[in-house]
Amino acid sequence: MPGGRLTQQERQQIALGLADGLAYAEIARGLDRPTSTITREVMRNGGPTAYRADLAHRATEQRARRRSRAAPRGAEAPPQAHGRDAEAVREYEEMFSTVLMQAGTPKMMSRVMACLYITDAGSLTASELVQRLQVSPASISKAIAFLESQGLVRRERDERRRERYVVDDDIWYQAMIASAQANARIIETARQGVGILGPDTPAAARLENIARFLDFVSESMTRASEQAREVLHTKAEPTSGGAAEPSPDRE
């Protein structure tokens, strides 16, 4: 199986495969590449509907030049815990950031979130984020302020009194509940419109259908979030072979 960076010709084959509606695994088999390589390539370059081979190739070259300029001479990448492949981790972090951006999170906030999520501790200081992301302290401060306002990170002090930024285990649960609450406001407003527009009119029927749909979805989302909340607190436990298996935290 070939290694190294994707060539421009391979990127063109990826673009053709996406245009033909092929799955990532099928494209990967045609190029004799791992499926994960194709997934990372597509997701960090616009996603399956916006991927362009020439733009992806130029973006990769630009990223390589930026990393070359940013790295001090003679410096080596810090060793990764658990024997991880540093290049694979870096590429995954880029892909994760891209997915968050496509979901609507601004670029710097997405990069900070991805960086926090892939650390085992789930927390970093401002200086650590600056070093990892190669951006200014002001950029980190602005990103943290936004994420904190959305309930996506929290602050705490470590034993050295340094401020650390933490991704909480409950973040996704809180996000789902907030989404359901936002839907409740839309439902209420839609039903107010039914009374104003007249219950027997097409416009009122449309609004009532929207309200009923969102009501059902929100109720299902809230119920499922409550039932699945424990999953967010699952911890890894070492097995006899040294690997880790998920285990619910039942404190």
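Residues numbered from 1 in each chain as written. Predicted model: local features only at pLDDT ≥ 70, side-chain atom pairs only at ≥ 80, totals over all residues. Heavy atoms only, no water.

Which residues make up the nonpolar core, and what values do they have?
Formed by 22 residues in total, the largest nonpolar core has its most connected members in Val112, Leu129, Leu133, Ile140, Ile144 and Leu147. At seven residues, the largest contribution of residues to this core is made by helix H6 (residues 107–117). Ignoring sequence-local partners within four residues, the contact set of Leu147 consists of Met109, Val112, Met113, Leu152 and Val153. Counting residues in each nonpolar core, the second largest holds ten residues, with Leu6, Ile14, Val42 and Tyr51 among its members. (Core = buried A, V, L, I, M, F, W, Y, C linked by side-chain atoms within 4.5 Å. Buried < 20%, exposed > 50% of the residue type's maximum accessible area, 1.4 Å probe, protein only. Helix = DSSP H or I, 4+ residues; strand = E, 2+ residues; numbered from the N terminus. Contact = heavy atoms within 4.5 Å.)

Explain helix H2 (residues 24–31) to me, using residue names and the numbers behind them.
Among the residues of H2, those classed as buried are Ile27, Ala28 and Leu31. Summarising the axial view, the buried residues of H2 lie within an arc of 100°, below the 170-degree limit, and thus occupy one face. Opposite the packed face of H2, turned more than 90 degrees from it, sit the exposed residues Arg29 and Gly30. Taken together, the buried residues of H2 touch helix H1 (8–19) and helix H3 (35–43). Directly after H2, the chain includes Asp32, whose backbone phi takes a positive value near 55°. (Arc of directions from axis to C-beta.)

I'd like a rundown of H1, residues and numbers included.
Over its twelve residues, H1 runs 17 Å from end to end, which matches the ideal 16 Å to within 8%, given 1.5 Å per residue. Once H1 ends, the next one or two residues include Gly21, with phi positive near 80°. (Expected span 1.5 Å × (residues − 1).)

Report on the pairing of strand E3 (residues 163–166), specifying residues and quantitative values.
Summarising the sheet, strand E1 (residues 123–125) and E3 pair through three bridges and their orientation is antiparallel. Bridge assignment links Thr125 to a residue of E3, and that residue is Arg164. Bridge count between strand E2 (residues 154–157) and E3: four bridges; the pairing is antiparallel. Bridged to Arg157 within E3 is Glu163. Between E2 and E3, which pair antiparallel and follow one another directly, the connecting turn spans five residues, one of which, Arg161, has a positive phi of 65°. (Pairing = 2+ DSSP bridges.)

Which residues make up unusual backbone geometry, and what values go with them?
Phi at Gln134 takes a positive value of approximately 55°, unusual for a residue other than glycine. Topologically, Gln134 is positioned in the loop between helix H7 (126–133) and helix H8 (137–149). Assessed through its relative accessible area of 52%, Gln134 is described here as exposed. Even without being glycine, Arg161 reaches a positive phi, approximately 65°.

Talk me through the environment of Met113; I want residue IDs and the actual numbers.
Within the secondary structure layout, Met113 lies in helix H6. Separated by 17 residues in the primary sequence, Met113 and Phe96 place their C-alpha atoms 9.0 Å from one another. For Met113, the residues in contact, after removing those within four places along its chain, are Leu100, Leu147 and Leu152.

I'd love a proper account of the pattern of salt bridges, names of residues and values included.
Scanning all chains against the criterion turns up 16 salt bridges. Between Arg191 and Asp215 there is a salt bridge, with the nearest N and O atoms lying 3.8 Å from each other. Residue Arg191 is found in helix H9 (residues 171–197), and its partner Asp215 is found in helix H10 (residues 202–228); the two are separated by 24 residues along the sequence. Within the structure, one salt-bridge network assembled from shared partners comprises Arg40, Glu87, Arg90, Glu91 and Glu94. (Salt bridge = Lys/Arg side-chain N within 4 Å of Asp/Glu carboxyl O.)

Give me the sheet that holds E3: which residues, what numbers.
One open sheet holds the three strands; their spatial order is E1-E3-E2, and the pairing between them is antiparallel. Strand pairing shows two members of the sheet lacking a second neighbour, E1 and E2, which therefore form its edges. Neighbour-to-neighbour, the strand axes of this sheet turn through a mean angle of 35°, independent of strand direction. Relative to the sheet, H7 contacts E1 and E3, its axis offset from that of E1 by approximately 90°. (Axes fitted to C-alpha atoms, helices over the stretch in contact; angles between N-to-C directions.)

I'd like to hear about the side chain of Glu91, residue by residue, with values.
With respect to the helices and strands, the residue Glu91 is situated in helix H5 (residues 86–102). Classification of Glu91 by relative accessible area gives buried; the value is 14%. With near-sequence residues (within four places) excluded, Glu91 lies in contact with Arg40 and Arg44.

Help me get a handle on the confidence of the model for the protein, residues and values and all.
Of all residues in the protein, 85% attain a pLDDT of 70 or more, and the chain-wide mean is 83. Within the protein, H10 carries the highest mean pLDDT (94), whereas strand E5 (residues 244–248) carries the lowest (52). In this model residues 72–76 is a low-confidence stretch, pLDDT under 50, and it forms zero contacts with partners more than four residues away in sequence or in other chains. (pLDDT = per-residue confidence, 0-100.)

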